[in-house]
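# Reading the structure
Below are the chains, spelled out letter by letter.
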Amino acid sequence: ARLDRMAGELAKTVSPVKRTELNAEALGQYLRQFVKDPLMRYGDRATDGNSMRWLHQIFESDGGSCNALTTLGVALGRRAGLRAHAVVIPHHVHLRVIEGARGFNVETTSGQVLPDDAYRHFMRGSTCNAYARPLSQREYVATLLSNHFGYERAERARHADSVACCDKAIAIFPGYPDAWCNRA
């Protein structure tokens, strides 16, 4: 019910007749209200135990991780009629709003719409086809298993559980290099 109410609020600011870039900016602006923790900006990895927030914790606390904020953004964007997809780059996830062959990146940890070039230096010359493209829902679930569930369990010294999460992620999305690295 809460997501439906929020999507209704967002839907008032987006429109199929608007340019997709404007809709992406509206989605970014809406997400910005959930970016309150300065440790959760892109490129930082908080070490205060809050780095891996769950979706419901965004509403109860002072922000969320790139995983949680992207999950929220994709859910809200799709409910508001946008073609929103998660996109991964090494050690990070953001969302992209798509129109035809064009896509607009929404950096969920700041709410800004950024060009592809803003993410290129994080690619470190990688040619991996898992990075910098819209993910299917199945692929995104695999990234959450590896990066969110697996990492959280490793932080809590639950290594067998962490490896199991990464194994499941690899079974779903074998081409995702972070799952292999996280498993190690």
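About the criteria used
Residues numbered from 1 in each chain as written. Predicted model: local features only at pLDDT ≥ 70, side-chain atom pairs only at ≥ 80, totals over all residues. Heavy atoms only, no water. Helix = DSSP H or I, 4+ residues; strand = E, 2+ residues; numbered from the N terminus. Buried < 20%, exposed > 50% of the residue type's maximum accessible area, 1.4 Å probe, protein only. Areas by Shrake-Rupley, 256 points an atom, 1.4 Å probe, with all protein chains shown as cover. Pairing = 2+ DSSP bridges. Axes fitted to C-alpha atoms, helices over the stretch in contact; angles between N-to-C directions. pLDDT = per-residue confidence, 0-100. Contact = heavy atoms within 4.5 Å. Salt bridge = Lys/Arg side-chain N within 4 Å of Asp/Glu carboxyl O. Expected span 1.5 Å × (residues − 1).

Helix and strand content of the protein: 8 helices and 4 strands. Overall, the protein shows an N-to-C arrangement of helices and strands of α-α-α-α-β-β-β-β-α-α-α-α. Across the 184 residues in the protein, those meeting the buried criterion constitute 47%. Surface exposure of the protein reaches about 9,300 Å², of which carbon and sulfur atoms provide 54%.

With that settled, the discussion passes to the pairing of strand S3 (residues 102-107). Relative to S3, strand S2 (residues 92-99) runs antiparallel, the two being bridged by 5 bridges. The residue bridging Leu-95 from the neighbouring strand is Val-106, located in S3. Hairpin geometry of S2 and S3 is characterised by an intervening segment of 2 residues between the two adjacent antiparallel strands and by a positive phi of about 60 degrees at Gly-100. The pairing of S3 with strand S4 (residues 112-114) spans 3 bridges and is classified as antiparallel. Looking at S4, one finds that Asn-105 is bridged to Leu-114.

Okay, the sheet that holds strand S1 (residues 84-89) next. In space, the 4 strands of this open sheet follow the order S1-S2-S3-S4, with antiparallel pairing throughout. The open sheet is flanked by S1 and S4, the only strands paired with a single partner. With strand direction ignored, the average angle separating the axes of adjacent strands in the sheet is 40 degrees.

The next subject is the pairing of S2. With 7 of 8 residues buried, S2 lies mostly within the body of the structure. Connecting S1 to the antiparallel partner S2 that follows it, the hairpin turn spans 2 residues, and His-91 within it adopts a positive phi of roughly 65 degrees.

Glancing now at the confidence of the model for the protein. Taken residue by residue, the protein gives an average pLDDT of 82. The fraction at 70 or more is 86%. Note that residues 38-50 has pLDDT below 50 and, in this model, 21 contacts with residues that lie over four places away or in other chains.

A few words on the pattern of salt bridges. Summed over all chains, the structure comprises 7 salt bridges. For the salt bridge of Arg-79 with Asp-4, the shortest nitrogen-to-oxygen distance reads 3.4 Å. Residue Arg-79 is located in helix H4 (residues 66-79), and its partner Asp-4 is located in helix H1 (residues 2-11); the two are separated by 75 residues in the primary sequence.

This part covers helix H2 (residues 20-32). The periodicity of an α-helix, 3.6 residues per turn, causes residues three or four places apart in sequence to face the same way. In this model H2 runs 18 Å from its N-terminal to its C-terminal C-alpha over 13 residues, within 8% of the 18 Å that 1.5 Å per residue would give. Listed as buried for H2 are Thr-20, Asn-23, Ala-24, Ala-26, Leu-27, Gly-28, Tyr-30 and Leu-31. On its buried side, H2 packs onto H1, H4, S2, S3 and S4.

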